[in-house]
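# Commentary on secondary and tertiary structure
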Amino acid sequence: MKKNRSTCPLTSALDIIGDKWSLIIIRDIFLGKKTFTEFLNSGEKIATNILSNRLELLTSCGLLKVTKMPNDQKTKIYYLTDSGIDMYPIIYEIMRWSERNLNKKFGPLGMELLNSFQKKSAEKLIQETTKNYRVSREEILSKVN
C-alpha cells in the first residue's frame with residue numbers, strides 16, 4: 001500500500017477513493033459486476049489502464065480481493081472485502097447528496113438507484129444492500145473454492 005500524504009483521516013481515505021473511478025468500481029460490484037470486462041462495459045467508459053490501476057489499488061488497500069473463475073482460470077473475479085462493503089453507506093450518501101444538490105438530469109441507472117432509495121429508510125436500505133452483497137459474495141466464493 002502506498003504511503004499517505006497526510007495523517008488526516010479524510011486525506012487518508014481520499015488517497016484510496018478520492019479519484020473519479022474507485023467508488024464507481026465499488027458501486028458496480030454492488031450492482032453485480034465481477035470481472036474486468038464487466039467493469040469496462042459500464043456507462044462511464046473507464047480506460048483499461050486506469051481500471052487496472054484502480055483494481056490494483058483497491059486490492060492492495062484491502063477493499064477488494066480477487067480470485068479466478070472456476071471454469072476459466074484466465075478470468076479474475078473481483079469481490080468486496082468487509083472494508084469494501086463498508087463503503088456502501090458513503091456511496092449511498094453521495095448519491096443522495098447529488099439528488100438534493102445538483103440540478104442535473106440523471107440517466108436510467110442513476111434514476112433507478114435514486115427511485116429505489118425512496119422505497120425504504122436509509123438505514124434499512126443500506127442494511128439490506130450490504131447483507132445481500134455478503135450473501136452473493138459467499139455464493140461466488142463457494143463456487144471457486
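Residues numbered from 1 in each chain as written. Predicted model: local features only at pLDDT ≥ 70, side-chain atom pairs only at ≥ 80, totals over all residues. Heavy atoms only, no water.

Throughout the structure, instances matching the rule amount to nine salt bridges. Taking the shortest distance from any N to any O, the salt bridge between aspartate 82 and arginine 137 comes out at 3.0 Å. Of this pair, aspartate 82 sits in helix H5 (residues 82-85) while arginine 137 sits in helix H8 (residues 122-144), and the two are 55 residues apart along the sequence. Look at aspartate 82 and you get partly exposed, because its relative accessible area is 43%. Take arginine 137: its relative accessible area is 10%, and that puts it in the buried class. Ionic pairing is found between arginine 137 and glutamate 138, a salt bridge with its closest N-O pair at 3.8 Å. For glutamate 138, a relative accessible area of 45% translates into the label partly exposed. A cluster of three or more residues bridged by salt bridges with shared partners is formed by Asp82, Arg134, Arg137 and Glu138. (Salt bridge = Lys/Arg side-chain N within 4 Å of Asp/Glu carboxyl O. Helix = DSSP H or I, 4+ residues; strand = E, 2+ residues; numbered from the N terminus. Buried < 20%, exposed > 50% of the residue type's maximum accessible area, 1.4 Å probe, protein only.)

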